[in-house]
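The primary structure of each chain is shown beneath.
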Amino acid sequence: MKRLSVPHPGAAAPSTWRGLAMGRTGSDLAIAILLGLGALATLAFGESYWLLGSQVAITMIFALSVDLLVGFAGIVTLGHAVFFGVGAYSVGIASVRLGWTEPLLGLLLAAAVAALLGAATGVLVLRTRGLGQLMLTMAFASMVYEIANRAKPLTGGADGLQGMVVSPILGLFDFDIFGLTAFLYTLAVLAAVVVFAVLMTRSPYGRSLVGIRENRVRMQAIGTGVQKRLLSVYTLSAALAGIAGALLAQTSQFVGLNVLHFSLSGEILIIVALGGAGRLWGALLGAVVFTLFKDRLSALDPAYWYFWLGLLLAVIVLFAPKGLIGLVDRLLAAGRPKETA
């Protein structure tokens, strides 16, 4: 009789490097290939979509940062746009007020500032759970939004921070009006972030976060420093969101108050749920689908595009409750021949 080896659902992949793409069902690999082909096709044939492609890549990084919290650590948030916005304002203020225009160092600056804010606020946010945690994240986001609005000499207030200058990347590649440099730049940063996020989540540290999400008391009983782990991932998630915000500021060379708005926090949560929380490749797929649908629907029906977007989300929730990646799981499972014992 043929012996079947069935890994435990919570077990790490046999090889970390193999785990960069391959999930338990092959859905991660399928999505990775699909996204890679989409990026290559956009680069080769989609000149008019380069700028949109950079926006998609930025949204994907932001979605990954939120999925680390919601999907893996079980931390609920409705204010993650605060770190995205702080990252954007960090590079914007550094450029306009201080004359610091180097893009790669700007990303590091944004990550550091957002991480510091994440560590400071995380100490308080993580003292609560559930609704209280949700309200605290919203409160901090509202406070930072109002500070940015009032600090007009520094941030530009409601008029936005204008006059940003971004130096050529590595001193060689200027940001062009067609968006090719922006597209390649954001793709390169996205690739680095994805590799880091996948390696981290497949590591013992990442598995411990899932354990905390599933049973906090048991993880404490085996000696895991739960609060320290949660604070570390909250800080890390804030840094990644800051990088996403910095990329938006650098590629658009403008920062407005919308980068701190509550609606942005809501949108990114929708993206994570749409793709499938707790599955990094699902978050990436959700970011692509949401951004492309938003772009097309707003162009076709500027007044009522939110209705069609809501209808799409309702269909996904009803027929794919585990998100788009869950739907891919089902499609691949249906096409796979059944094994017999």
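J.: Looking at this structure, how should I read the packing of helix α7 (residues 180-201) against helix α12 (residues 280-300)?
T.: Helix packing for two helices is described by the angle between their axes and how far apart those axes are. Where α7 contacts α12, the axes come no closer than 10 Å and their chain directions differ by 150°. Taken together, the axes of α7 and α12 lie roughly antiparallel to each other. In this structure, α7 uses Leu190, Val194, Ala197, Val198 and Thr201 to contact α12, whose residues at the interface are Leu280, Trp281 and Leu284. By residue class, the composition of the contact of α7 with α12 is seven nonpolar, one polar and no charged.

J.: Explain the packing of helix α2 (residues 50-73) against helix α8 (residues 204-214) to me, please; I cannot follow it from the model alone.
T.: Running from N to C, α2 and α8 cross one another at 55°; their axes reach a closest spacing of 8 Å. Our classification of the angle between α2 and α8 gives oblique. Contacts from Gly71, Phe72 and Ala73 in α2 reach Leu209, Val210 and Arg213 in α8. In terms of residue class, the contact of α2 with α8 is made up of four nonpolar, one polar and one charged.

J.: So what exactly am I meant to see when it comes to unusual backbone geometry here?
T.: Note on backbone geometry: most residues besides glycine have negative phi, and most peptide bonds are trans. We note that Leu170 has phi near 55°; this positive angle belongs to a residue other than glycine. In this structure, Leu170 sits in the loop between α6 (152-155) and α7. Residue Leu170 is classed as exposed on the basis of its relative accessible area, which comes to 59%. One non-glycine residue, Gln253, lies in positive phi territory at about 55°. Residue placement: Gln253 occurs in the loop between α10 (226-252) and α11 (262-275). Residue classification places Gln253 among the partly exposed residues on the basis of a relative accessible area of 30%.

J.: How do you make sense of the confidence of the model for the protein chain when you look at a structure like this?
T.: Detail in the predicted coordinates should be disregarded across regions flagged by low pLDDT. When the pLDDT values of the protein chain are averaged, the result is 86; 91% of them are 70 or greater. Scored below 50 in pLDDT, residues 1-24 shows 29 contacts in the model against residues more than four places distant or in partner chains.

J.: When you look at a nonpolar patch on the surface in this model, what are you seeing that I'm missing?
T.: A cluster of nonpolar side chains, namely Tyr304, Phe307, Trp308, Leu311, Val315, Leu318 and Phe319, defines an oily patch on the protein surface of about 820 Å² accessible area. Mapped onto the elements of the fold, Leu311 is located in helix α13 (residues 305-319). Here Leu311 falls in the partly exposed class, since its relative accessible area comes to 42%.

J.: Got a minute to help me understand the pattern of salt bridges in this structure?
T.: Oppositely charged side chains can form a pair if their charged atoms are brought close together. Tallied over the entire structure, the rule returns eight salt bridges. Linking Glu267 and Lys294 is a salt bridge whose minimum nitrogen-to-oxygen distance equals 3.2 Å. Of this pair, Glu267 sits in helix α11 while Lys294 sits in helix α12; the two residues are 27 residues apart in sequence, bridging distant segments of the chain. Of the charged contacts in the structure, one is a salt bridge between Arg296 and Asp295, with a shortest N-O distance of 3.1 Å. Here the residues in one salt-bridge network are Asp28, Arg202, Arg279 and Asp329, joined through shared partners.

J.: Can you walk me through the packing of aromatic side chains in this structure?
T.: For any pair of aromatic rings, geometry is given as the distance between the ring centres together with the angle between the planes. Tallying each qualifying case throughout the model produces four aromatic pairs. Relative to Phe84, the ring of Phe62 has its centre 4.7 Å away and its plane inclined at 25°; by these criteria the two rings are stacked. Taken together, the residues span a long stretch of sequence, with Phe62 in helix α2 and Phe84 in helix α3 (residues 81-96) at a distance of 22 residues. Neither Phe62 nor Phe84 differs from the other in exposure class; each is buried. When the centroid spacing of 5.8 Å and the interplanar angle of 80° are considered together, the rings of Phe175 and Tyr185 count as edge-to-face.

J.: Even after reading the chapter, I still don't get helix α4 (residues 103-125), so can you show me in this structure?
T.: Since there are 3.6 residues in each turn of an α-helix, residues three or four apart along the chain are aligned in direction. A rise of 1.5 Å per residue sets the reference length of α4, with its 23 residues, at 33 Å; its end C-alpha atoms lie 31 Å apart and thus fit the reference within 8%. Along α4, the residues that are buried comprise Pro103, Gly106, Leu107, Ala110, Ala111, Ala114, Ala115, Gly118, Thr121, Gly122 and Val125. For α4, the secondary structure elements touched by its buried residues are α3, α5 (131-150), α7 and α10. At the N-terminal end of α4, a side-chain oxygen is found 2.9 Å from the backbone nitrogen of Leu104, two or three residues along, and the residue is Glu102.

J.: Looking at this structure, I do not really get the environment of Ala277. What am I missing?
T.: By the element assignment, Ala277 lies in the loop between α11 and α12. Put simply, Ala277 and Asn215 are 62 residues apart on the chain and 17 Å apart in space, counted from C-alpha to C-alpha.

J.: When you look at the environment of Gln250 in this model, what are you seeing that I'm missing?
T.: With respect to the secondary-structure elements, Gln250 resides in helix α10. On the accessibility criterion, Gln250 (2% relative accessible area) is buried. In this structure, the C-alpha to C-alpha distance between Gln250 and Met164, residues 86 residues apart in sequence, is 8.0 Å. Once residues within four sequence positions are removed from consideration, Gln250 is found in contact with Val91, Pro103, Gly106, Leu107, Met164, Val166, Phe175 and Tyr185.

Calculation criteria
- Residues numbered from 1 in each chain as written.
- Predicted model: local features only at pLDDT ≥ 70, side-chain atom pairs only at ≥ 80, totals over all residues.
- Heavy atoms only, no water.
- Axes fitted to C-alpha atoms, helices over the stretch in contact; angles between N-to-C directions.
- Helix = DSSP H or I, 4+ residues; strand = E, 2+ residues; numbered from the N terminus.
- Parallel < 35°, antiparallel > 145°, perpendicular 65-115°, else oblique.
- Contact = heavy atoms within 4.5 Å.
- Nonpolar A, V, L, I, M, F, W, Y, C, P; charged D, E, K, R; others polar.
- Buried < 20%, exposed > 50% of the residue type's maximum accessible area, 1.4 Å probe, protein only.
- pLDDT = per-residue confidence, 0-100.
- Patch = residues over 30% accessible without salt bridge, like charges linked within 9 Å, V, L, I, M, F, W, Y side chains within 5 Å.
- Areas by Shrake-Rupley, 256 points an atom, 1.4 Å probe, with all protein chains shown as cover.
- Salt bridge = Lys/Arg side-chain N within 4 Å of Asp/Glu carboxyl O.
- Phe/Tyr/Trp six-rings, centres within 6.5 Å; stacked < 30°, edge-to-face > 60°.
- Expected span 1.5 Å × (residues − 1).
- Polar contact = N/O pair within 3.5 Å; in protein donor to acceptor, adjacent residues only side chain to side chain.

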